[in-house]
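Working through the structure, step by step
For reference, the chains in residue letters:
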Amino acid sequence: MLPMIRPLFSIPGSQAGGKVLLNSITALIVLTCLSFGAQAKPQPRPSEQVAIVAAKKAFDAKDSRGLKQAAGRLSKDPLSVWADYWLVKLSAQQKPFDKKVMADIEAFQAKYNGHVLAQAILKDWAIASLEQGPWAQSAAIIRSLPGSVDHPAIACARARLASQPIAAHAALVVGQESSKTCISLAQSLIEARLMDRAEIAKRARWAALAGELGHAERLWQTAKTVGVTPPSHEDGLLKLLSATRIRPTQALDKFQKLSGQWSADQRGFAQLSMGAWLWVRSHPKAWTITQSGLSSVAQQPATIQELIARQALRQGNWQAVLAATDHMPDNVRQKDVWLFWRARSLEVLGHPDTAKDLLRQVEPGLGFYSLLAAEALGRDWLEPYLEGPKTEAVRAAHQGLSHHPSTRRALSLAKAGLRAEAVIEWNHLMLTLRDPELIALAQIAYKANVPDRAIAAAIRTKQLHALELRYPNLFVQEIVQSSQQKGVSGPWVIGLIRQESRFITDIKSPVGATGLMQIMPNTAKMLAKETGDRRFKLGELSDPASNIRLGTHYMAQLRDQFGGSIVLATAAYNAGPSRSKLWRASLGGAIEGAAFAESIPFTETRDYVKAVTANTAVYQRLMDRGLIKVSLQQAPERLVDLLGTITP
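Reference entry: report on the structure contained in this document. (Residues numbered from 1 in each chain as written. Predicted model: local features only at pLDDT ≥ 70, side-chain atom pairs only at ≥ 80, totals over all residues. Heavy atoms only, no water.)

**A look at the packing of helix α29 (residues 490–500) against helix α32 (residues 566–575)**
Close contact between α29 and α32 brings their axes to 13 Å; oriented N to C, the two are set at 35 degrees. Both α29 and α32 take part in a crossing whose hand is right-handed. Contacts from Trp492, Leu496 and Glu500 of α29 reach α32 at Ile566, Ala569, Thr570 and Tyr573. Along the lines of polarity and charge, the residues of the contact of α29 with α32 split into five nonpolar, one polar and one charged. (Axes fitted to C-alpha atoms, helices over the stretch in contact; angles between N-to-C directions. Helix = DSSP H or I, 4+ residues; strand = E, 2+ residues; numbered from the N terminus. Left-handed = near helix turned anticlockwise from the far one by under 90°. Contact = heavy atoms within 4.5 Å. Nonpolar A, V, L, I, M, F, W, Y, C, P; charged D, E, K, R; others polar.)

Pasting the structure below:
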């Protein structure tokens, strides 16, 4: 069942690099002087926006004729680069080895040299060639690419082209077992006797876990040609593993029938894999099965190791948290999330000094784990974000950025509803900008009524910050009015809006959730009825006041339903009350709120809860310091206190 309310944005609250730094305020600009009223009443789209939307729809439908017509209407428009890109990409995907396609790619690069899409089309072309083969033709394309064009499959292809295979190439296959090209590289390494039996078994098992049973079978077929045979009954294990992620309950039934003929290694690997995915489905036997297979944790992919660590958190088994994280690859173990939970585990197990050393490695910022680590170390996490740049430096950056082609394209794409494309333009523009320029760019986006791009620019500053751009106080009067009427925390409401919609009033998700608080149509009708609004129409969901009124009413319901727990109520807002109840019911005892949040089985909901609660903590502090001119009804809480304790 789809949850009643779904977010359009799934932006984790503590990530960098996937990590969004949820950051703060300086008194540099008073946002209330900007006009955002136009968002509530979207204006008719200009002709170029109509044409670019038509072009994107044609591309998605693989309609070459419709795409050419739309591209013709954009021939002299700055957005024409996108229509031309889609035309060439569509051809490259369909006929990557056609000479005309190659000529079109060369012409596109010459015309749009320096644009981010000039690089993207080469990657698209190379990947299409690798997927469709044959290798001899794909290899010629890979050889022609500049070194700056990169992708895991391209890296594997380049390794295949090396004059002589080397053992170090095996590292390129790790985690890429679903890639046909990387499996081909592994086969060449096996033929060169550069992968031993244990490594072949691991790669084959990871391929099966990724749902690519055929890739696993290819590896062993190649191994047999050089005299390396799989363990007895390995084929049965691989078939079970391929079903584990999608059908873990059936995999468990099959395990009970087959495991008697397997080795201890095979049984342990299967049990840990099944236990991880059964836990995602909230299966009552998940932890028992996981414990039986913990000895195989070092052999598992990072995806499984992270699931096991979260499952151990839910159980309060700190030794198992350490065991799972100890064997993670370095780049995974050094994530803020695992630095924090390794520190917490060591603290509980009586190693406070080592725990503090790990906490100091958590990246400073205003994300979930940045806040928790700072609080655990007794540091004020807001103070470093109060220093802003000089107004003159920001003003000086304005003119050039206002007229920059990438700025104009990104804002036009965003207003046309093509937000993925807007993000690509915006991110490329921001790559070389300094703090004053990023703040100027954020101001430009706010003035253009594109708040999501404004926040995206503001959160990238490194030393000089503008918290009012990272954490805007848009629609604050409507939020205050509704939150006070319902007795709901204003910082929680605005923190949730920041995560749900990035303050875009008329945004609509693929499943139909609409407006600032991303309310589903059927839910909106139910809430309107409960609030006595008999004249409500679905079009009102794009009106800020109506959307906030209904969303806040629902938040109040969830808060009361879950005993005032912001963690459980926020999880319910995202995934639905029934799931939040199920996750709570699975507890064996009381658990820290932060541990509960991290051990939510659904990735989207887990990241959502962390982002909303971190937002709430920041908005509390901003209101308390008067940086947002709203009276805070109670003293701000530390994030750890806001999260509280969750009981069964």
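Alright, that's what it looks like, and here's the rest.
**A few points about the environment of Tyr369**
Within the fold, Tyr369 resides in helix α21 (residues 368–376). With a relative accessible area of 0%, Tyr369 lands in the buried category. Separated by 186 residues in the primary sequence, Tyr369 and Ile183 place their C-alpha atoms 37 Å from one another. Within the local environment of Tyr369, its side chain forms a polar contact with the side chain of Glu598, the two groups lying 2.6 Å apart. (Buried < 20%, exposed > 50% of the residue type's maximum accessible area, 1.4 Å probe, protein only. Polar contact = N/O pair within 3.5 Å; in protein donor to acceptor, adjacent residues only side chain to side chain.)

**Describing the packing of aromatic side chains**
Evaluation of the coordinates by the stated rule reveals 14 aromatic pairs. Geometrically, the ring pair formed by Phe340 and Tyr369 is tilted, given 5.3 Å between the ring centres and 45 degrees between the ring planes. Here Phe340 is found in helix α19 (residues 336–348), whereas its partner Tyr369 is found in helix α21, with 29 residues between them in sequence. Each residue in the set Phe59, Trp82, Tyr85, Trp86, Phe108 and Tyr112 is aromatic and connected to the rest through ring pairs, giving one cluster. For Arg205, the ring lying beneath its charged end belongs to Phe269, and the centroid distance is 5.1 Å. The ring of Tyr471 has Arg498 sitting right over it, with the charged end atom 4.1 Å from the ring centre. (Phe/Tyr/Trp six-rings, centres within 6.5 Å; stacked < 30°, edge-to-face > 60°. Lys NZ or Arg CZ within 6 Å of the ring centre and 35° of its normal.)

**Some details on the state of the cysteines**
The term disulfide refers to a covalent linkage connecting the sulfur atoms of a pair of cysteines. Inspection of the entire model under this criterion finds one disulfide. Across the disulfide, Cys156 is cross-linked to Cys182 (sulfur-sulfur distance 2.1 Å). Handedness here is read from the sign of the S-S torsion; for Cys156 and Cys182, about 95 degrees, the answer is right-handed. Taken together, the residues Cys156 in helix α8 (residues 152–160) and Cys182 in helix α9 (residues 180–191) connect sequence positions 26 residues apart. Here the two residues Cys156 and Cys182 agree in accessibility, since each one is buried. (Disulfide = S-S within 2.5 Å.)

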